[in-house]
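Given next are the chains, with one letter for each unit.
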Amino acid sequence: MAQRVRKAVLPVAGLGTRFLPATKVIPKEMIPVIDKPVVQYAIEEARAAGIEEFIFVSAEGKQAIPAHFSAQPNLERQLEEKGKTAELKLVRDAIIPPGKIHTVIQHNPLGLGHAVWCAKELVGNEPFAVILPDDMVLSDVPCLRQLIDAHAKVGGHVVAVEDVAKDQTNRYGILDVLSEEGRLAKAKGLVEKPAPDVAPSTLAIIGRYILDPIVFVELDKKLTGAGNEIQLTDALSRTLGAVPFHGYRFEGKRYDCGTRVGFVEANVAFGLAHPEMRDRLRPLVEALLKN
Ligand code: UTP
């Protein structure tokens, strides 16, 4: 039985250039889908999967993210005085208790591998989750829960994967698959952003990982790869002989909120899945498509 996963690392140090000017002052992760910032969905998914401690790898000027998960006494008092109990509950439900939320600053965005390395001291020597909030997943069982359950059986590294279109392989880390059993694909290799003609498969890693701390041994070397960045995929691939590596074909649908079209798609999809909105929203979406 693998060691329990208690901590999650959330790399949020990117500039969010694809969403300028919206991200001039507001961090990309604080832009809402329906009524919650994108990053809150990631935290709720992690909590539902049993994660207790959260490590944000952030950049200067993104204080809004930890502030969102802290108590806001003035706001809470005003809501209390006005008898707005439902709203007060929404505000308080988002709080992560002090001591369970940490922020480390990545001074230069040197790559996702470097961002994860920045959390090394706070993670210590135990398996941990990495969540990229840009990827939102609608599923019956939270995507991270699915990974943690798989990890409990096979240990090592377990990453969420899905098949992407052949012409999209150069946007993802791609698995070279050794064997498959049910939803698990055992990898014998990993390639970061391969061109479609050299990609070993179309099985792409999305923004959910359970990692063995051995990855820090490789990240310590600070080797750069594609785009001259310190790539997480490269570090993982160098640990292949030491720990098992599995892709897990999660149940659910992923929305890539890192792109504008994916962000609009996520708003519609989460709106159509929202119990208080779906009945009013559906006819509106249908009418839009008819015109
Ligand atoms: P992206 O490649 O989407 O970069 O990073 P970005 O800066 O957020 O967005 P654009 O491309 O400028 O629009 C994927 C994830 O990895 C994090 C980002 O914050 C995002 O969650 N990341 C990436 C870091 O935290 N540090 C890095 O050095 C690189």
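Just so we're clear, the structure is a prediction, and the values are computed from it rather than from any experiment.

Turning next to the packing of aromatic side chains. For any pair of aromatic rings, the description rests on two quantities: the centre-to-centre distance and the angle between the ring planes. Under the definition given, this model contains five aromatic pairs. Judged by centre distance (5.7 Å) and plane angle (80°), the rings of Phe 19 and Phe 263 are edge-to-face. Note that Phe 19 is positioned in the loop between strand 1 (7-11) and strand 2 (32-33) and Phe 263 in helix 10 (residues 260-272), a separation of 244 residues in sequence. Residues Phe 19 and Phe 263 agree in their burial class; the two are buried. Ring geometry for Tyr 255 against Phe 270: centres 6.0 Å apart, planes inclined by 70°, an arrangement best described as edge-to-face. Within this pair, whereas Tyr 255 is found in strand 13 (residues 253-256), its partner Phe 270 is found in helix 10, the two being separated by 15 residues in sequence. Phe 270 carries the same exposure label as Tyr 255, and that label is buried. Taken together, the ring pairs in this structure connect Tyr 41, Tyr 255 and Phe 270 into an aromatic cluster. Above the ring of Trp 117, the side-chain terminus of Lys 222 is found at 3.7 Å from the ring centroid.

A few words now on the nonpolar core. Within soluble globular proteins, side chains that are nonpolar generally end up buried alongside one another. Counting 32 residues, the largest nonpolar core has Leu 10, Ile 51, Phe 54, Phe 56, Phe 69, Leu 144 and Ile 210 as its most contacted members. Counting only elements with at least two residues in this core, the list comes to strand 1, helix 1 (38-48), strand 4 (53-58), strand 6 (128-131), helix 7 (143-154), strand 8 (157-163) and strand 11 (203-211). Take this core: its biggest share by element is five residues, from helix 7. Formed by 29 residues, the second largest nonpolar core is a distinct cluster that contains Val 9, Ile 55, Ala 115 and Phe 245.

At a closest axis distance of 8 Å, the pairing of helix 10 and helix 11 (residues 278-290) adopts a crossing angle of 135°. Relative to helix 11, helix 10 is oriented oblique. When helix 10 is examined against helix 11, the residues Val 268, Gly 271 and Leu 272 are found in contact with a partner set consisting of Arg 278, Leu 281, Arg 282 and Val 285. Its residues assigned to classes, the contact of helix 10 with helix 11 comprises four nonpolar, one polar and two charged.

With that out of the way, let us pick up the side chain of Asp 234. Looking at the secondary structure, you find Asp 234 in helix 9 (residues 232-237). It is Arg 238 that comes nearest to the buried, bridge-free Asp 234 among opposite-charge side chains, at 5.3 Å. Those residues in contact with Asp 234 that sit more than four places away from it in its chain are Glu 192, Gly 225 and Ala 226.

For the rest of this paragraph, the subject is the environment of Val 130. Its place among the elements puts Val 130 in strand 6. Taking the relative accessible area as the measure of exposure, Val 130 reaches 0% and is therefore buried. Apart from residues lying up to four places away in sequence, Val 130 is in contact with Val 9, Pro 11, Val 116, Gly 207, Arg 208, Tyr 209 and Leu 211.

Each value, and the rule that gives it
Residues numbered from 1 in each chain as written. Predicted model: local features only at pLDDT ≥ 70, side-chain atom pairs only at ≥ 80, totals over all residues. Heavy atoms only, no water. Phe/Tyr/Trp six-rings, centres within 6.5 Å; stacked < 30°, edge-to-face > 60°. Helix = DSSP H or I, 4+ residues; strand = E, 2+ residues; numbered from the N terminus. Buried < 20%, exposed > 50% of the residue type's maximum accessible area, 1.4 Å probe, protein only. Lys NZ or Arg CZ within 6 Å of the ring centre and 35° of its normal. Core = buried A, V, L, I, M, F, W, Y, C linked by side-chain atoms within 4.5 Å. Axes fitted to C-alpha atoms, helices over the stretch in contact; angles between N-to-C directions. Parallel < 35°, antiparallel > 145°, perpendicular 65-115°, else oblique. Contact = heavy atoms within 4.5 Å. Nonpolar A, V, L, I, M, F, W, Y, C, P; charged D, E, K, R; others polar. Lys, Arg positive; Asp, Glu negative; His and termini not counted. Salt bridge = Lys/Arg side-chain N within 4 Å of Asp/Glu carboxyl O.

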